[in-house]
Amino acid sequence: MRRLKPDEACWCGSGVMYRNCHVAFDKKIDMYKKKHVKVPSHNLIKTPEQVEMIRKSAEVNVAVLDYVAEHIKEGISTQEIDDMVYQETTKRGAIPAPLNYEGFPKSVCTSIDDVVCHGIPSSERILKSGDIVNVDCSTILDGYFSDSSRMFMIGEVSDEKRKLVEVTKECVELGLAAVKPWGFLGDIADVISRHANENGYRVVREIGGHGVGLEFHEEPFVSYVIRKGTGMLLAPGLMFTIEPMINMGSEKVYTDRFDGWTVYTSDGKPSAQWEIQVLVTDDGAEVISW
Ligand code: MF3
Ligand code: CO
């Protein structure tokens, strides 16, 4: 990218002169680059206007999940969850991002028990007491993307599964607290994998979080199994998801070879996941969707 002159408008779209805007930011980025740190390119740094649009998308995303939270119950099918997500999303003028995404056939992912993620809603799968269900909702509003997921416990859930769900939520909260401007993605991974392992759980390695906002899936890939102080630099303006998949047993997973989507634990033991969307700010992090 061409170096801007100090009196030119900043690349971030603020309308402010470069000298008074991201010049210090770029110097810092260059300094880390020289040290071979993975740094975000300018197109991953959200402008205030983009953030505003993404927040609006996230308002829909949260409202849809709130609706699901109120209506999910024993005896309904996962197709009925899909119907709720489609209707509640479209009536707010938005589009469910999963629908037709790389051939995904439904509006939401519903992942129960040993399904790790990307479960496909079906009228055959009826929610029963004891199920733990992840509902992963992704929304496009006016071209801007939001993405978050929650766990739901149906009826009487065993203490073992309840603990998995709670510890996984704690992992996300710890990960959020580890988001610091000019820190590293690995700082988030470190606290998450530590907390999971201390509770006897394993973190899925091959699937993780992602940059999000202008696209469904942007750089960086957000791993939860890398070391503290490694991975991409958390420059202010970077936006990504924290969505660890935590397994009660082995970390090994496989993808259903018939539907090409559903990811299962190899040992058939349960897995849990919560997902939030965060923005790195000048003094910490802002939760965009949860
Ligand atoms: N919502 C998932 C995520 O958090 C992506 C699902 S892709 C889909 O990244 F096609 F399965 F919806
Ligand atoms: Co996601």
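In this text, all values refer to a predicted model and were calculated from it rather than measured experimentally.

About the cut-offs
- Residues numbered from 1 in each chain as written.
- Chains lettered and ligands numbered in written order.
- Predicted model: local features only at pLDDT ≥ 70, side-chain atom pairs only at ≥ 80, totals over all residues.
- Heavy atoms only, no water.
- Helix = DSSP H or I, 4+ residues; strand = E, 2+ residues; numbered from the N terminus.
- Buried < 20%, exposed > 50% of the residue type's maximum accessible area, 1.4 Å probe, protein only.
- Contact = heavy atoms within 4.5 Å.
- Lys, Arg positive; Asp, Glu negative; His and termini not counted.
- Charge placed at Lys NZ, Arg CZ, Asp CG, Glu CD.
- Pairing = 2+ DSSP bridges.
- Donors = N, O, S within 2.8 Å, 3.2 Å for Na, K, Ca; no water.
- Phe/Tyr/Trp six-rings, centres within 6.5 Å; stacked < 30°, edge-to-face > 60°.
- Lys NZ or Arg CZ within 6 Å of the ring centre and 35° of its normal.
- Near = heavy atom within 4 Å.
- Polar contact = N/O pair within 3.5 Å; in protein donor to acceptor, adjacent residues only side chain to side chain.
- Areas by Shrake-Rupley, 256 points an atom, 1.4 Å probe, with all protein chains shown as cover.
- Nonpolar A, V, L, I, M, F, W, Y, C, P; charged D, E, K, R; others polar.
- Axes fitted to C-alpha atoms, helices over the stretch in contact; angles between N-to-C directions.
- Parallel < 35°, antiparallel > 145°, perpendicular 65-115°, else oblique.
- Left-handed = near helix turned anticlockwise from the far one by under 90°.
- Salt bridge = Lys/Arg side-chain N within 4 Å of Asp/Glu carboxyl O.

When its secondary structure is counted, the chain shows five helices and 15 strands. For the chain, the spread of C-alpha atoms along the three principal axes comes to 65 × 45 × 30 Å. Within the chain, buried positions represent 54% of all 290 residues. Looking at the chain alone, contacts between residues at least 24 apart form 67% of all its contacts between residues at least 6 apart. When the 33 basic and 44 acidic side-chain charges of the chain are each reduced to a single mean position, those positions are 8 Å apart.

All right, on to the pairing of strand E4 (residues 132-141) then. Here E4 lies mainly inside the structure; ten of its ten residues are buried. A two-sided burial pattern is seen for E4, the buried positions comprising Ile132, Asn134, Asp136, Ser138 and Ile140 on one face and Val133, Val135, Cys137, Thr139 and Leu141 on the other. Here strand E1 (residues 95-96) runs beside E4; their pairing, made up of two bridges, is antiparallel. Paired with isoleucine 95 across the bridge in E4 is isoleucine 140. Pairing of strand E2 (residues 109-112) with E4, which is carried by four bridges, proceeds in the antiparallel orientation.

Next up on the list: the coordination of the cobalt ion (ligand 2). Around the cobalt ion (ligand 2), the protein contributes the donor atoms Asp147 (OD), His210 (NE2), Glu243 (OE) and Glu275 (OE), which lie 2.0 to 2.3 Å from the metal centre. For the cobalt ion (ligand 2), the single-chain donor residues occur in sequence as D-x62-H-x32-E-x31-E. Here histidine 210 is found in strand E7 (residues 209-211), whereas its partner glutamate 243 is found in the loop between strand E9 (239-242) and strand E10 (245-247), with 33 residues between them in sequence. Of the two residues examined, histidine 210 and glutamate 243, each falls in the buried class.

Before going further, it helps to spend a moment on the packing of aromatic side chains. Enumeration over the complete set of coordinates arrives at eight aromatic pairs. Among the aromatic residues, those joined into a cluster by ring pairs are Trp11, Phe25, Tyr32, Trp182 and Phe184. Cation over ring: lysine 169 sits above tryptophan 274, and NZ or CZ is 4.8 Å from the ring centre.

The local shell around ligand 1 holds 14 residues, among which Pro98, Asp136, His210, His217 and Glu243 are the closest. Within the side chain of serine 138, a nitrogen or oxygen atom sits 3.2 Å from a nitrogen atom of ligand 1. Within the contact set of ligand 1, an oxygen atom lies 3.1 Å away from a side-chain nitrogen or oxygen of glutamate 275. For ligand 1, whose unbound accessible area comes to 340 Å², protein coverage reaches 96%. In terms of residue class, the shell around ligand 1 is built from six nonpolar, four polar and four charged.

Attention now moves to the packing of helix H4 (residues 159-177) against helix H5 (residues 185-198). Following both chains from N to C, one finds H4 and H5 inclined at 155 degrees, their axes separated by 8 Å at the closest point. When the axis of H4 is compared with that of H5, the two are roughly antiparallel. The handedness of the crossing between H4 and H5 is right-handed. For the pair H4 and H5, contact is made by Val167, Glu170, Cys171, Leu174 and Gly175 and by Ile188, Val191, Ile192, His195 and Ala196, respectively. Of the residues contributing to the contact of H4 with H5, the split by class is seven nonpolar, two polar and one charged.

Right, let's get into the pattern of salt bridges. Across all of its chains, the model carries 13 salt bridges by this definition. Close ionic contact of arginine 55 with glutamate 52 constitutes a salt bridge, the shortest N to O distance being 2.6 Å. You can see arginine 55 and its partner glutamate 52 sitting in helix H2 (residues 48-71), three residues apart, about one turn around the helix. The class for arginine 55 is partly exposed, based on a relative accessible area of 28%.

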